[in-house]
Amino acid sequence: MVKRIVTDIEGTTTSISFVTDTLFAHARASLVSFVRTHAGEARVVSALDAARTEAGDPSLSDTAVLTLWLRWIDEDRKATSLKAIQGMIWEEGYHAGAYRSHVYADVPGALARWKARGIGLAVFSSGSVLAQRLLFGHTIEGDLAGLFDGWFDTTTGKKADPASYARIAAALEVAPHEVLFLSDVKAELDAARAAGLLRVGLARDGAPPLVDHPTARSFDDIVIEGDSVLVG
Ligand SMILES: CSCCC(=O)C(=O)COP(=O)(O)O
Ligand SMILES: [Mg+2]
């Protein structure tokens, strides 16, 4: 029986182009001025320190960390410290009304239907929990954040590590085989399967089907009947 659905964001609920061309571009353009403006704040100091730890070099200056973060943005590195500072920058963007987040048209209806059936919904994204809440709170389809009961980012673990999915199932208080994970990335689906989760791959915008995993083009293609999950 499917009791929880955990969804990825980029490429699954939301287009890769929105994340790359709008969110990452805003973070890149605003990174230096944001960190200089908010330099004394504990959350910024903490992100800078976390970057030094991730880089394995505690002697890095703030300027060197900024250079590193800019490189990591260009490499699409899913570093927890970068994701933390990006979330803070996007908070300003959303609150200023600079953009609303993209979600595919099938997403709000499917989430609402699953929730109405008593299935708990959660997010697992490389984006920070703050960034996740902002994204679903400011979509082109309205505020969807209230549909979710759980939010997981890379502080839970890496998305390609099966242990992350075991931790998420435990946090959601269900067995791994009662969780359906949705993602556009094979390595994430492989890890979820290794941890015993059900999984469906999403091939959005004409992407090819995921190798080794049932693949849907839209949330509307996902049929949940008791213990089985089919792709229609
Ligand atoms: C939470 S919105 C930004 C998502 C993000 O920063 C990212 O790197 C996308 O990762 P995902 O795990 O959602 O594919
Ligand atoms: Mg993704």
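Look up: the structure comes first, before these words.
Reading guide: rules and limits
Residues numbered from 1 in each chain as written. Chains lettered and ligands numbered in written order. Predicted model: local features only at pLDDT ≥ 70, side-chain atom pairs only at ≥ 80, totals over all residues. Heavy atoms only, no water. 1 Å grid on protein atoms, 1.4 Å probe; cavity = no way out; pocket = protein on both sides within 12 Å on 5 of 7 lines; lining within 4 Å. Points joined across faces, edges and corners; volume = space filled by probe spheres on them. Helix = DSSP H or I, 4+ residues; strand = E, 2+ residues; numbered from the N terminus. Nonpolar A, V, L, I, M, F, W, Y, C, P; charged D, E, K, R; others polar. Near = heavy atom within 4 Å. Polar contact = N/O pair within 3.5 Å; in protein donor to acceptor, adjacent residues only side chain to side chain. Areas by Shrake-Rupley, 256 points an atom, 1.4 Å probe, with all protein chains shown as cover. Sits in = over half its atoms within 2 Å of the grid points.

1. As for the layout of surface pockets
Volume-wise, the largest pocket comes out at about 260 Å³. As for the largest pocket, its lining consists of 21 residues, and the residues nearest its centre are Glu10, Val19, Lys78, Ser125 and Gly127. Among the secondary structure elements, those contributing two or more residues to the lining of the largest pocket are helix H1 (16-37), helix H4 (80-95) and helix H6 (129-137). Broken down by element, the lining of the largest pocket gets its largest block of residues, four residues, from H1. Looking at the lining of the largest pocket, its residues break down into nine nonpolar, four polar and eight charged.

2. Here's the deal with the site of ligand 1
What surrounds ligand 1 is a group of 14 residues, the closest being Lys78, Lys83, Ser125, Ser126 and Lys159. At 2.7 Å, a side-chain N or O of Ser125 approaches an oxygen atom of ligand 1. Between an oxygen atom of ligand 1 and a main-chain N or O atom of Ser126, the distance comes to 2.8 Å. Surface burial for ligand 1 is 98%, taken as the share of its 400 Å² of free accessible area covered by protein chains. Taking a 2 Å distance to the grid points as the criterion, the majority of the atoms of ligand 1 fall inside the largest pocket. If you list the elements that add at least two residues to the shell around ligand 1, you get H4 and H6. Tallying contributions element by element places H6 first for the shell around ligand 1, with three residues. Tallied by class, residues from the shell around ligand 1 come to five nonpolar, four polar and five charged.

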